[in-house]
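A closer look at the structure
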Amino acid sequence: MGKRKRSAQQSTIWIATSDLPTTVAHPFYERINQILDRAGFDAEVERLCAPFYAERMGRPSLAPGRYFRLLLIGYFEGLDSERAMAWRAADSFALRRFLDLELPEAPPDHSTISRTRRLIDVETHREVFTWILKQLAEAGLVKGKTIGMDATTLEANAALRSIVRRDTGESYQEFLTQLAKASGIETPTREDLARLDRKRKHKGSNDDWTHPHDPDAKITKMKDGRTHLAHKAEHAVDLETGAVVGVTVQGADQGDTTTSKKTLIEAAEQIEAVVPDSDGPKEVVADKGYHSNQALVDLEAVGVRSYISEPDRGRRQWKDNPEARDAVYRNRRRIGGARGKRLLRQRGELLERPFAHLYETGGMRRVHLRGHQNILKRILLHAGAL
């Protein structure tokens, strides 16, 4: 049996780097680096990020290639914060090799990653996502004809107890105390405030309340039924290949029929950029949350066929709106056919899967950033890693 050797002598001060323990590179990260190097990833991101870097000023900055690789690591390792990325990069020999860090070099700390993210604008992050999408297009994995859309909520880095009134700036507790005193309770207790708050209607209106440090976060009901401050992430996916071709982050209080316009435009622009010969999206597949008279009319106006599940609204009256009637009936006929049923099955498969990978195992169901711009920067690279 081998036993641990205990020595009373002082350990050696100087150790040759060749004597330090090493490990075989992780085959997955080794393959990713080969793909990125062959496509000229580092040269491309350095060109895109050149306006944000000075030629020579202060301490050495974080190279763009390493910064974007760290965001890719965030998805691959399921890390929910920049602090976790920095810790993981410092802890793993395989990730150090993926980041091309020499042994004496220290990996970037979380403040360096955060500062780099703040300095590089969202448009540059979107261009990096477009570059990744272009690599897929060259491999024949972006068609761009049939697009599926869906959205999910992300828990914000903000607490409901910290919201304030938009008009007066009062906190929720102060507002309830004023209401209690106005109703005749001079010194209200916590039980009195809870009883008073329980009976109020429309008490969580986004028109009246906001978060002082994250105005983009909106009060909404999460997937599990909890009420929380949240953001809405919406995806457009190529249903022929499963590639994510458009990502937007919008207010969680906006309906799907409102946010879908921006997401469809984003997807069309991305497809035009990476597949110039494509005619753009010609079919849109979505669930019943995207169904409305005006939404179907608007899609037909731009030459896009809809395959959108129809909610049960009972008997409809079309006397004054024949245009909407025709659009709804044509959509109903399409989703009832064999192709429509197949596309709706694909929607359930190819749209729910990215949500599971990006936000559940990818570690972004609860965001640690504030503001739509900052969150979108992270999600764009997450989608690129996917």
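Numbers given to residues run from 1 along each chain, matching the order in which its sequence is written. Since the coordinates come from a predicted model, pLDDT governs what is reported: local features require at least 70, and pairs of side-chain atoms require 80 or more to be given and counted, while whole-chain, interface and lining totals use all residues. Hydrogens and waters are ignored; side-chain quantities use all the structure's heavy atoms.

1. Thoughts on the overall build of the protein
Under the DSSP-based scheme used, a helix requires at least four consecutive residues in state H or I and a strand at least two consecutive residues in state E, with every element numbered from the N terminus. Per the secondary structure count, the protein includes 14 helices and eight strands. For the protein, the accessible area works out to roughly 21,800 Å², and carbon and sulfur atoms hold 49% of it. Measuring between centres, the 63 positive side-chain charges of the protein sit 5 Å from its 55 negative side-chain charges. Surface accessibility in these figures is a Shrake-Rupley result with a 1.4 Å probe; residues are shielded only by whichever protein chains are displayed. Charge counting treats Lys and Arg as positive and Asp and Glu as negative, with His and both chain ends excluded. The atoms used to mark charge sites are NZ of Lys, CZ of Arg, CG of Asp and CD of Glu.

2. Quick notes on the pairing of strand β8 (residues 305-308)
Paired strands, in this sense, are two strands between which DSSP finds at least two bridges. Examined bridge by bridge, strand β7 (residues 283-286) and β8 share four bridges and lie parallel to one another. The residue of β8 that forms the bridge with V284 is S306. Read as a crossover between parallel neighbours, the route from β7 over helix α11 (residues 293-301) to β8 is right-handed. Crossovers are described as right-handed under a simple rule: with the strands pointing away from the observer, the path leading from the first strand over the helix to the second runs clockwise.

3. As for the pairing of strand β5 (residues 227-238)
Counted residue by residue, β5 has 11 buried out of 12 residues, so it is predominantly covered. In this structure, strand β1 (residues 146-155) lies alongside β5, joined through nine bridges in antiparallel fashion. Bridge assignment links T153 to a residue of β5, and that residue is K232. Bridge analysis of strand β4 (residues 218-221) against β5 gives four bridges, and the strand direction is antiparallel. In the sheet register, K221 faces β5, and the bridge partner there is T227. Count of turn residues in the β4/β5 antiparallel hairpin: five residues, of which G225 carries a positive phi of about 95°. Using a 1.4 Å probe on the protein chains alone, a residue whose accessible area is under 20% of its type maximum counts as buried, one over 50% counts as exposed, and one in between counts as partly exposed.

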